[in-house]
Amino acid sequence: MSEPLIFEISSPGRCGAFLPDCDVPPTPLPTEMVREDLPLPEVSEVDVIRHYVRLSQLNYGVDKGFYPLGSCTMKYNPKVNEVAARLPGFVRTHPYQDPDSVQGNLALMFELQEYLKELSGFEAVSLQPAAGAHGELTGVLIIRAYHQAQGDSKRTKMLIPDSAHGTNPASTTMCGYTTVEIKSDERGNVDLEDLRAHCDDTVAGLMLTNPNTLGLFDEHVLEIADLVHGCGGLLYGDGANFNALMGIAKPAHLGFDVMHFNLHKTFSTPHGGGGPGSGPVGVSRRLAPFLPGPIVVREVSEESCVCGGEEHEEECYILRWAMPERSIGRMKSFYGNFSVLIKAYTYIRMLGAEGLRQVSENAVLNANYLLHRLKKAYPLPYDRTCMHEFVLGGPPPEAEGIHTMDVAKRLMDYGFHPPTVYFPLIVREAIMIEPTETESKDTLDAFAEAMLKIAEEAVHNPDLLHSAPHVTPVTRLDEVRAAREPRLRWVPPE
Ligand SMILES: *Cc1c(COP(=O)(O)O)cnc(C)c1O
């Protein structure tokens, strides 16, 4: 890093805080509270401010530039969401409050449940889970509870396509199921022959991501659902790619029994770096009694309701918490990540039904536009119309000794966050690009130009890629050493 760190500009006696003279007799701190081995930097106020502002500027985020990280849906996060989430009426409520006193909060949660039901076609939704992976765990626990309630104890296996996200087998394993991998066919769909060969009465279900992590809509999704249901299993939907489907197709109509939403992806909450996220789960009728709770229900109120001193003529509702009949229990303390729910609700209300459909249409359009510009220079293992993202098969074949990692690193020199790399695992040297609907054609063109330029450099000037990035605060890192010997804090020089 070119700029000095705060410890390095420390100067003995310099101070950023000015306290009034002591007007009481001083009492020394108890000796056990005094540490001599804690050298704090001695700096002025302006030193501190510049230090932290500089650090914040080293960060790359979606508010700074294009962030085409495949599968992560790094769309722009409208600031109106933050304004809504900060409204005092929301911020100053407490989870222990009597439901009567937080009817507004409950109304927001109830309506969000309804919107997610409408978008997905499911019978019921729980807002409890804190992220996509947590939603998967919830969904698979629901599947397990359902089979147990049927007295069906033979089912020990969960089928998972080889293109799936790593959280799918992890969630499955946490629920005590064995993962069985199902192959993909040459068009990037689930291989129906392989699936048929594995469908039997030991199968609890199949976890399907549709569109899948290749950015492709599975052309046989209805047959897949029939096969899984035919052997008594349930179809789980990994909804991380819902950004391609909103207002166009409802997962419940495609045969899914249960699916999680990633509110922080599809519904525009800032994410990365660990949260907070939100992964509500939607289910079909037969699974509704097993949902985690509490969920919000709306009841017609017996008493006439009085609002603002005036008697209302129309029907009155009261919102309350309810635990589904055979609930798997709570998945989260209190009521989910409420601030993320506010942001998702605001996003949905700002866009409306038509707007949400346009989000998905433009996400798909943007991805196909980039795909067509880039496939001239980069290998494309599955040459099909893509959904909201697509996967390239690494650097141009003529570029000897150049790997996907080199292309990703070089992109930083052009000012772009690299795409997802080396995932999905079934594509060697994978480069997974998801532009999202919030990018303009100008940005997509600038990115395409950079990628095409890099493809040329990879052939004619490979060293430029090997040593990239060159203009970032830190240049090429030894990633293996960084993983094995992580240095997570600054250590003073000896
Ligand atoms: C992001 C993602 C997940 C996990 O979701 P989190 O919210 O990060 O826990 C699961 N599957 C796919 C395909 C994803 O892209």
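Predicted model only: the values in this text are computed from it and were never measured.

### Some remarks on the domain arrangement of the protein chain
No. 1: Split into domains, the protein chain comes out as domain 1 (6–56), domain 2 (79–348) and domain 3 (357–484).
No. 2: A C-alpha centroid distance of 46 Å is found between domain 1 and domain 3.

### What about the site of the ligand?
No. 1: Around the ligand sit Ser71, Ala131, Gly132, Ala133, Glu136, His165, Thr167, Asp238, Ala240, Asn262, His264 and Lys265, and those are all the residues in its vicinity.
No. 2: Protein coverage of the free-state accessible area of the ligand, which is 380 Å², stands at 86%.
No. 3: Those elements that place two or more of their residues in the shell around the ligand are helix H5 (132–149) and helix H9 (263–266).
No. 4: Sort the elements by how many residues they give to the shell around the ligand and H5 lands first, with three residues.
No. 5: Residues of the shell around the ligand, tallied by class, amount to three nonpolar, six polar and three charged.

### Describing a nonpolar patch on the surface
No. 1: On the surface, Val80, Val83, Met350 and Leu351 cluster together into a nonpolar patch covering about 330 Å² of accessible area.
No. 2: Counting only elements with at least two residues in the nonpolar patch, the list comes to helix H2 (79–85) and helix H10 (338–374).
No. 3: Summarising the element assignment, Leu351 is placed in helix H10.
No. 4: The exposure class of Leu351 is partly exposed, given its relative accessible area of 32%.

### Some words on the pairing of strand E4 (residues 203–209)
No. 1: Counted residue by residue, E4 has seven buried out of seven residues, so it is predominantly covered.
No. 2: Relative to E4, strand E2 (residues 157–161) runs parallel, the two being bridged by three bridges. Pairing of Met158 across the sheet is with Gly205, part of E4.
No. 3: In the sheet, E4 pairs with strand E5 (residues 234–239) via five bridges, with the strands oriented parallel. Along E5, the bridge assignment pairs Leu206 with Leu235.
No. 4: This β-α-β element, E4 to helix H8 (residues 221–230) to E5, shows right-handed connectivity.

### Digging into the pattern of salt bridges
No. 1: Evaluation of the coordinates by the stated rule reveals 26 salt bridges.
No. 2: In this structure, the salt-bridge partner of Arg384 is Glu219, at a minimum N-O distance of 3.6 Å. Here the residue Arg384 occupies a position in the loop between H10 and strand E12 (390–392), and Glu219 occupies one in the loop between E4 and H8, the gap between them amounting to 165 residues.
No. 3: We classify Arg384 as buried; its relative accessible area is 13%.
No. 4: Residue Glu457 is joined to Arg410 by a salt bridge in which the shortest nitrogen-to-oxygen separation is 2.8 Å.

Calculation notes
- Residues numbered from 1 in each chain as written.
- Predicted model: local features only at pLDDT ≥ 70, side-chain atom pairs only at ≥ 80, totals over all residues.
- Heavy atoms only, no water.
- Domains from an automatic or database assignment.
- Near = heavy atom within 4 Å.
- Areas by Shrake-Rupley, 256 points an atom, 1.4 Å probe, with all protein chains shown as cover.
- Helix = DSSP H or I, 4+ residues; strand = E, 2+ residues; numbered from the N terminus.
- Nonpolar A, V, L, I, M, F, W, Y, C, P; charged D, E, K, R; others polar.
- Patch = residues over 30% accessible without salt bridge, like charges linked within 9 Å, V, L, I, M, F, W, Y side chains within 5 Å.
- Salt bridge = Lys/Arg side-chain N within 4 Å of Asp/Glu carboxyl O.
- Buried < 20%, exposed > 50% of the residue type's maximum accessible area, 1.4 Å probe, protein only.
- Pairing = 2+ DSSP bridges.
- Right-handed = clockwise from strand over helix to strand, strands pointing away.

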